[in-house]
Amino acid sequence: MSASDIPVSILSGGLGAGKTTTLNHLLENAPEEREIAVLVNDMGEVNVDAALVERQVTLDDDETTVTELSNGCICCGLANEFGQTIVELAKTVEFDALVVEPSGMSDPAEVAQTVRSNRQAAFHYNLDTIVTVVDAALFHDVFIAGAEVNEVTEDAKPLSDLLAEQVEFCDLVLLNKTDLVTDEELAEVESLIRALQPQADIETAERGRVDPCVLLDVGRFDLDRVSGGAGWKQAHKYHQEATDDEDGEGHDSDDHDHEDSHDNEGHSHEGHDHDDHLHPPEEFGLTSCNYRRPRPFHPERLVDWLADVPADVVRAKGLMWVAGRERHALNCNLAGTQVQVDVNGQWAATMPEFQRKAYREARPDLDWDEEWGDREIDLVFIGHDLDETAIQNSLDDCLLTDAEMDEDWERYENPFPGRAEEELVFDADVDKWGVATV
Ligand SMILES: Nc1nc2c(ncn2[C@@H]2O[C@H](COP(=O)(O)OP(=O)(O)OP(=O)(O)O)[C@@H](O)[C@H]2O)c(=O)[nH]1
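Residues numbered from 1 in each chain as written. Predicted model: local features only at pLDDT ≥ 70, side-chain atom pairs only at ≥ 80, totals over all residues.

A. Summary view of the site of the ligand. The ligand sits among 17 residues. The nearest are G18, K19, T20, T21 and G104. Counting residues per element, the shell around the ligand draws most heavily on helix α1 (residues 19-29), at 3 residues. Along the lines of polarity and charge, the residues of the shell around the ligand split into 3 nonpolar, 8 polar and 6 charged. (Near = placed C-beta within 6 Å. Helix = DSSP H or I, 4+ residues; strand = E, 2+ residues; numbered from the N terminus. Nonpolar A, V, L, I, M, F, W, Y, C, P; charged D, E, K, R; others polar.)

Below, the structure is given as C-alpha cells:
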C-alpha cells in the first residue's frame, strides 16, 4: 500500500452495543484475500474485547493483526499513543485495511481527528467510514421510553449525551440487537436516528451480522457530511434561515421587548421554500423548533425548567445567556433525560475592544445590541410532536422580567458554570445536579 491508501473503518458505539460482536463477524466473513489489521481500545486494564477478537482470529486460523490499547481512551488520554501505534503498524505490518474499535466511552469525532491530524497517520491512512453501532433496545429505552439511565461517563458526560453524539458523528448507523425490540420500536428508533443524523446510512443487524462490504473499504467518509450533518445543526440552520426570511435582513436587534419577542420568534418552517437537505426532521415523524431570545434566563427558574424538561423533547442543543454569568455563553446539551451545561466561550461583548471589532468585522450579520452586544439565547429542540408553544411559553417564564433586568443578578442562586473548566450535569432520573471540573 502506498501513502494515504490504507482505509480506516472506525467502529464506534456505546458500551455493550455490539462492536466486538460486529468486528468478529466482519473478520469471519471478510474476503480471504483482504488482510485486515485491528486496533481494539478498552478503558480497563484488561482488554476484554481484544482478547475476544484474538480468540476469534485464532479459531479462524486467521493472520489478522490485533493490536490493543488499554487503560484509557483513544479519543483523549491515549490519543497520542493511538496515533503512534497506527503509524508503527503501517510501517511494520502489511495489511489492506485497518478497523479501529474505540472504547464505548469514546467520541468518534476525536478518534477521526487523530487519524486526520497526525501527519504521519494521515500519510499512511485514509478515513473510510465511521460506523456507530447502536443497541436498538437501549436507545429505545433512553430516548423513547424515557427509562432511567443514571450512568454518567468518566468525564462526567451523561450517557445519553454520548450516545446521541456518537450517532451525530458517523456516516453509517448499525442498528444492532434488533431481536430485542418489536418492529414498531425499531421503526421509532430508526426515525429518531434519522432525526439526529439525517445524512448517515442505516443498516439493521442482529449480532452484528452485516455484509462486510458495508463496513470495509467503502469510501463513504466525507467530513462535511459527517460533521455538519447532525440533525440539530441542520434544524438550527433551517430555523435561522426561516427567521431571517421573515425578518427581512436578519434579526431586529431593537426587539428586546419580552412580549414582542414572544410573538416574533420561533417560527415554524411551514411555507418556506428551502433546500431538501435543510428540511427539519418533520418528515421522519419528529419535529424541531428554535427558541431565540435577546434576554437572559433567570438561573433559579432555568434550573427548575431543566430539571423537568417536557417529555416530548429528546434532544436540545444551543447557547444560553444566564443572568449572573455575563462573561460566557453557555452550551446547553440535552439528550434523553439528561442535561449538561458547560462554558462555550466568551461573548464578543466581553472581549477587549480591538478583538471585539475584529470579531464583528468578520461576522457582518451578527446581531448586536447597544447594551448587551451579542448575548442571546439560541436553542434548538428536536422531539416527538413537540408542543412548540408550550416550550416557548415555559421558557419565556424563565426569562428575566423587565423589573428583574434592573436587579442585582449576583444575588441569585446560580449553579451554572462561570469558568471554562466547570460543567453542570443534571440527571433528571435521580433528580440531582452535579457540578464537575473538567
Ligand atoms: N440479544 C443480542 N445480544 C447481542 C447482540 N449483539 C451483541 N450482543 C451481546 O451483547 C453483549 C455485548 O456485546 P459486545 O460485542 O461485547 O459489545 P461491545 O460494544 O463490544 O461492548 P464494550 O466493548 O463493552 O463496549 C454480548 O453479550 C453480546 O453477545 C444482538 O444483536 N442481540
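B. Summary view of the environment of L78. With respect to the helices and strands, the residue L78 is situated in the loop between β3 (65-70) and α3 (79-92). What makes L78 buried here is the crowd of 22 C-beta atoms within 10 Å. Between the C-alpha atom of L78 and that of V99, which follows or precedes it by 21 residues, the distance is 17 Å. With residues up to four places along the chain from it excluded, the contact list for L78 reads N41, L69, G72 and C73. (Buried ≥ 20, exposed ≤ 12 C-beta atoms within 10 Å, placed from the backbone. Contact = placed C-beta atoms within 7 Å.)

C. Seen up close, α1. Of all the 11 residues making up α1, 9 are buried; the element is thus mostly covered by neighbouring parts of the structure. Of the residues making up α1, those classed as buried are K19, T20, T21, T22, L23, N24, H25, L26 and L27.

D. How the structure looks around the confidence of the model for the protein chain. This prediction gives the protein chain a mean pLDDT of 80; 78% of its residues lie at or above 70. The secondary structure element of the protein chain with the lowest average pLDDT is helix α11 (residues 258-264), at 29, and the one with the highest is helix α15 (residues 402-405), at 97. Every residue in residues 149-154 scores below 50 in pLDDT, and together they form 18 contacts with partners more than four places removed in sequence or on other chains. Note that residues 249-284 has pLDDT below 50 and, in this model, 63 contacts with residues that lie over four places away or in other chains. If you check the scores for this complex, the pTM reads 0.70 and the ipTM reads 0.98. (pLDDT = per-residue confidence, 0-100.)

E. Structural detail: the nonpolar core. Ranked by size, the top nonpolar core spans 106 residues in total, and within it L98 and V134 carry the most contacts. Among the elements that take part in this core, strand β5 (residues 125-135) stands out by supplying 6 residues, more than any other. Domain assignment of the residues forming this core places at least three in each of domain 1 (6-228) and domain 2 (231-437). Residues within four places of V134 in sequence aside, it is in contact with G13, A17, F139, V167, V173, L174, L175, N176 and I193. (Core = buried A, V, L, I, M, F, W, Y, C linked by C-beta atoms within 7 Å. Domains from an automatic or database assignment.)

F. Geometry of the pairing of strand β10 (residues 328-335). Within β10, 7 of the 8 residues are buried, which leaves it mostly tucked inside the rest of the structure. With 6 bridges joining them, strand β9 (residues 313-320) and β10 adopt antiparallel strand pairing. Its bridge partner being in β10, M320 is matched across the sheet by L330. Judged from the 8 bridges that link them, β10 and strand β11 (residues 338-346) form a sheet pairing that is antiparallel. When the sheet's bridge partners are listed, H328 is paired in β11 with Q346. (Pairing = 2+ DSSP bridges.)

G. Region of interest: the sheet that holds β3. With respect to topology, 7 strands assemble into an open sheet ordered β3-β2-β4-β1-β5-β6-β7, the strand pairing being parallel. Two strands lie at the open edges of the sheet, namely β3 and β7 (201-204), each paired on one side alone. Averaged over all adjacent pairs, the angle separating strand axes in this sheet is 20°, with direction ignored. Relative to β5, strand β1 (residues 6-13) is paired through 8 bridges, and the arrangement is parallel. The residue of β5 that forms the bridge with I6 is Y125. Helix α4 (residues 108-117) rests against β1, β4 (97-101) and β5 of the sheet, and its axis sits at about 170° to β5. (Axes fitted to C-alpha atoms, helices over the stretch in contact; angles between N-to-C directions.)

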